[in-house]
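These are the residues of each chain, in order.
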Amino acid sequence: MTECTRDDMRDRLPDLLNERLDAATRAEVARHVASCAECAAELELLRSMRSALAPAPRVDVRRIAAAVAASRGAGAREADVIPLGVRQPSRFDRRLAWRIAAGLVVAALGLGTWFAAQYKPSDPPVTVAKTPPQHTDSATAVPQVASTRPAATSHSSTTTQAPAAPRMLASRGLVMDGGVTDLSDGDVHLLLQSLDSLTAIPDADPAPLSYQLDDDGGAR
Amino acid sequence: MTEPKPTADEPDDDALIARWRSGDERAATLLVERHATPLARFVAGLGERREVEEVVQDTFVRAFASLDGFRGESALRTWLFTIARNLVRDRARSRKGSRDVVSIEDWHAATEHDALDAAVADETNARMRTAVRTLTPMQREVFTLRVTEGMSYKEIAAVVSTTEGAARVHYHNALRAIKEFLE
């Protein structure tokens, strides 16, 4: 079968099949089909395809026409057409539902963020236990102060619950809040003794600077 | 095809629309008679099986309800097919996974089975339906509208929301695929 070069004719075969051409064009296409085996075969194939696909379910035209007339009589518009089984939600309905859902999600996230910002988990109360020093001749001989959590508290006799109590660093025994005023006289005495026994305490203050001025005002 | 077509003696769609707007209820009936069967075939071809008539009726009711806004820029037929296509798609989305929506071939098979004429089903027709099954959904829609409804590429483009050139490409690709399948 020779290849057809008249694409414009081939393109009109479905129109010829469905009688959608004016008389002149139909005659022209028909003449081409009569002389072109490929187009004749394609037209036959389209005819067969149309027959195979054409069966349509029967519909009650009168019922449909009555429904149209009834909807007009009721002044119906798209929102209140005659119900046909279960009316499907319109596109607008679905969009509105999605927007409401999105708004609820955003509101929930906002509230959650706000509550998270407001909620500051309080540190578990720190138990400060002060015990008498066991020895005083060590360079680290400072009053032993231990920080323990409530669950591990076993020195009940000297335990003080203190939300406002000074927080201690157990490793160094440094006071972060309050001061030596919280110590008893005995503890202060022991502390001073310990400090006296320390050596190589670095100077806290920088060495004073001194300048000598030359006669001409320059520094040496 | 058996559906009525306007003849020289019958008013065209625009004239019937004008008559309906002026209160002539008979005009609506004539329009329904003219377009209901092609619409039903198209709806069935999209996979709607059980509610073809409901979809067709819904299409007409919606179309006539908004006919005041119809400016005639496209043919009434194209407009009706577009509404029907959207309705079928909305229904398919709303009941995704349901067995009510089946392919065109399954619908034909079910119809034939219901009509008890499966025993005499034409083998050639069955092969052609199988060939259509191999097409993509877009190719199938374009091919069906072009071959069974005789729509122009411009009308098809309006119905399936594509361009005229793309519709032409889809049609020729579909036809080539069908030929290859049948060879």
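In what follows, the accompanying structure is described.

Calculation rules
Residues numbered from 1 in each chain as written. Chains lettered and ligands numbered in written order. Predicted model: local features only at pLDDT ≥ 70, side-chain atom pairs only at ≥ 80, totals over all residues. Heavy atoms only, no water. Helix = DSSP H or I, 4+ residues; strand = E, 2+ residues; numbered from the N terminus. Buried < 20%, exposed > 50% of the residue type's maximum accessible area, 1.4 Å probe, protein only. Contact = heavy atoms within 4.5 Å. Salt bridge = Lys/Arg side-chain N within 4 Å of Asp/Glu carboxyl O. Polar contact = N/O pair within 3.5 Å; in protein donor to acceptor, adjacent residues only side chain to side chain. Nonpolar A, V, L, I, M, F, W, Y, C, P; charged D, E, K, R; others polar. Axes fitted to C-alpha atoms, helices over the stretch in contact; angles between N-to-C directions. Parallel < 35°, antiparallel > 145°, perpendicular 65-115°, else oblique. Left-handed = near helix turned anticlockwise from the far one by under 90°. Core = buried A, V, L, I, M, F, W, Y, C linked by side-chain atoms within 4.5 Å. Phe/Tyr/Trp six-rings, centres within 6.5 Å; stacked < 30°, edge-to-face > 60°. Lys NZ or Arg CZ within 6 Å of the ring centre and 35° of its normal.

Concerning the overall build of chain B
Piece 1. Counting its secondary structure elements, chain B contains nine helices and zero strands.
Piece 2. Across chain B, helices and strands are ordered from the amino to the carboxyl terminus as α-α-α-α-α-α-α-α-α.
Piece 3. Among the 183 residues that make up chain B, the fraction classed as buried is 49%.
Piece 4. In chain B, once contacts between residues fewer than 6 apart in sequence are set aside, the share between residues at least 24 apart is 65%.

Notes on the side chain of Thr82(B)
Piece 1. On the secondary structure map, Thr82(B) appears in helix H4 (residues 76-94).
Piece 2. Among residues more than four places away in sequence, those in contact with Thr82(B) are Ala158(B) and Val159(B).

Details of the interface of chain B and chain A
Piece 1. On the chain A side, the residues contacting the 55 residues of chain B number 42 residues.
Piece 2. If you look at where chain B meets chain A, you find four salt bridges.
Piece 3. Here Asp11(A) and Arg168(B) are joined by a salt bridge, their closest N and O atoms 2.8 Å apart.
Piece 4. Where chain B meets chain A, there are 12 residue pairs in polar contact (both at pLDDT 80 or more).
Piece 5. Of the residues forming the side of chain B that touches chain A, the biggest block, 11 residues, is contributed by helix H3 (residues 52-65) of chain B.
Piece 6. Considered class by class, the residues forming the side of chain B that touches chain A number 24 nonpolar, 11 polar and 20 charged.

Some details on the packing of H4(B) against helix H8 (residues 153-160) of chain B
All names here are of chain B.
Piece 1. The N-to-C vectors of H4 and H8 enclose an angle of 30°; their axes lie 8 Å apart at closest approach. In terms of their interaxial angle, H4 and H8 are classed as roughly parallel. Between H4 and H8 lies a crossing whose hand is right-handed. Two secondary-structure elements touch here, H4 through Arg77, Thr78, Phe81, Thr82 and Arg85 and H8 through Glu155, Ala158, Val159 and Val160.

Examining the nonpolar core
Looking at soluble globular proteins, one finds that nonpolar side chains tend to be buried together.
Piece 1. With 70 residues, the main nonpolar core has Met49(A), Val32(B), Val56(B), Phe60(B), Phe64(B) and Phe143(B) as its most contacted residues.
Piece 2. Of the residues forming this core, the biggest block, 10 residues, is contributed by helix H2 (residues 25-45) of chain B.
Piece 3. Excluding its chain neighbours within four sequence positions, the residues that come into contact with Val56(B) are Ile64(A), Ala36(B), Leu39(B), Ala40(B) and Val43(B).

Quick look at the packing of aromatic side chains
Two measures describe an aromatic ring pair: the distance that separates the ring centres and the angle between the ring planes.
Residue and element names in this part refer to chain B.
Piece 1. The tally for this structure, following the rule as stated, stands at six aromatic pairs over all chains.
Piece 2. Centroid distance Phe143 to Tyr171: 5.8 Å. Interplanar angle 15°. Geometry classified as stacked. Of this pair, Phe143 sits in helix H7 (residues 137-147) while Tyr171 sits in helix H9 (residues 164-182), placing them 28 residues apart in sequence.
Piece 3. What makes Phe143 buried here is its relative accessible area of 0%.
Piece 4. Its end group placed over the ring of Tyr153, Arg146 keeps NZ or CZ at 4.5 Å from the ring centre.
Piece 5. Sitting above the plane of the Tyr171 ring, Arg146 keeps its charged end 5.9 Å from the centroid.

Regarding the side chain of His35(B)
All names here are of chain B.
Piece 1. Considering the arrangement of structural elements, one finds His35 in helix H2.
Piece 2. Judged by relative accessible area, His35 falls into the buried class, the value being 7%.
Piece 3. Contacts of His35, omitting those with residues within four sequence positions, involve Asp13, Phe60, Leu76, Arg77 and Leu80.

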